[in-house]
Structures are given as structure tokens and as C-alpha cells.
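Next come the chains, spelled out residue by residue.
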Amino acid sequence: MHGTHDTRVPLEYSIRANEAYENSELFVIGGAGHGFGGANARSTLKTIHYFVDSE
């Protein structure tokens, strides 16, 4: 899971990791920063629920 407005870790790192690891799934949260809090908390929780429910 990576936010598009993360200023600590570039999104490209997560994209490369997702490509390198088998069975990896990358969820990109539009507008989210590094901590997924505040205004992005709801969409982050929805993504977590989707992932957990799909396993």
C-alpha cells in the first residue's frame, strides 16, 4: 500500500518491489501521504478490508 503524496518513500520503490516479489499486490492510495491518516483513512481502511477479505 502506498500513497501518491508520500514524501518519505518514493512510489517507484513500491512499484519495483511489487514487480520483484511473486504474489505481491500493490494498492496505491490517491492523495495519501506516508501515514494514510486524516482524509485518507477511510479509503485506506476499505483497501485493507478488501485485501483481508480476499485472502
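Bear in mind that the values here come from a model prediction, so they are computed numbers and not experimental data. (Residues numbered from 1 in each chain as written. Predicted model: local features only at pLDDT ≥ 70, side-chain atom pairs only at ≥ 80, totals over all residues. Heavy atoms only, no water.)

Looking at the overall build of the protein
Part 1 of the argument: When helices and strands are tallied, the protein shows two helices and two strands.
Part 2 of the argument: Counting across all 55 residues of the protein, residues that qualify as buried make up 20%.
Part 3 of the argument: Taking the intrachain contacts of the protein between residues at least 6 apart in sequence as the baseline, contacts between residues at least 24 apart amount to 60%.
Part 4 of the argument: On the protein, roughly 4,200 Å² of surface is accessible, and the fraction owed to carbon and sulfur atoms is 51%.
Part 5 of the argument: Here the protein holds 4 positive side-chain charges and 7 negative ones, and the gap between their average locations is 13 Å. (Helix = DSSP H or I, 4+ residues; strand = E, 2+ residues; numbered from the N terminus. Buried < 20%, exposed > 50% of the residue type's maximum accessible area, 1.4 Å probe, protein only. Contact = heavy atoms within 4.5 Å. Areas by Shrake-Rupley, 256 points an atom, 1.4 Å probe, with all protein chains shown as cover. Lys, Arg positive; Asp, Glu negative; His and termini not counted. Charge placed at Lys NZ, Arg CZ, Asp CG, Glu CD.)

Here we look at the packing of aromatic side chains
Part 1 of the argument: In the structure shown here, the tally under the stated rule is two aromatic pairs.
Part 2 of the argument: With centroids separated by 5.9 Å and ring planes inclined at 80°, the aromatic side chains of Phe27 and Tyr50 adopt a geometry described as edge-to-face. Residue Phe27 is located in the loop between α1 (11-20) and β2 (28-29), and its partner Tyr50 is located in helix α2 (residues 41-54); the two are separated by 23 residues in the primary sequence.
Part 3 of the argument: Here the aromatic rings of Phe27 and Phe51 are separated by 6.0 Å at their centres, their planes lie at 80°, and the arrangement is edge-to-face. Of this pair, Phe27 sits in the loop between α1 and β2 while Phe51 sits in helix α2, and the two are 24 residues apart along the sequence.
Part 4 of the argument: Under the relative-accessibility criterion, Phe27 is labelled buried at 15%.
Part 5 of the argument: Site record: aromatic cluster; members linked through ring pairs are Phe27, Tyr50 and Phe51. (Phe/Tyr/Trp six-rings, centres within 6.5 Å; stacked < 30°, edge-to-face > 60°.)

Looking at the environment of Ile29
Part 1 of the argument: Here Ile29 shows up in strand β2.
Part 2 of the argument: Using a relative accessible area of 5% as the deciding quantity, one classes Ile29 as buried.
Part 3 of the argument: Beyond its immediate sequence surroundings of up to four residues, Ile29 is in contact with Met1, His2, Gly3, Thr4, Phe36, Asn40, Ser43, Thr44 and Thr47.

Quick look at unusual backbone geometry
Part 1 of the argument: Not every positive phi belongs to a glycine, and Asn23 is a case in point at roughly 65°.
Part 2 of the argument: The residue Asn23 is located in the loop between α1 and β2 in this model.

Function-wise, these values are silent; they only describe arrangement.
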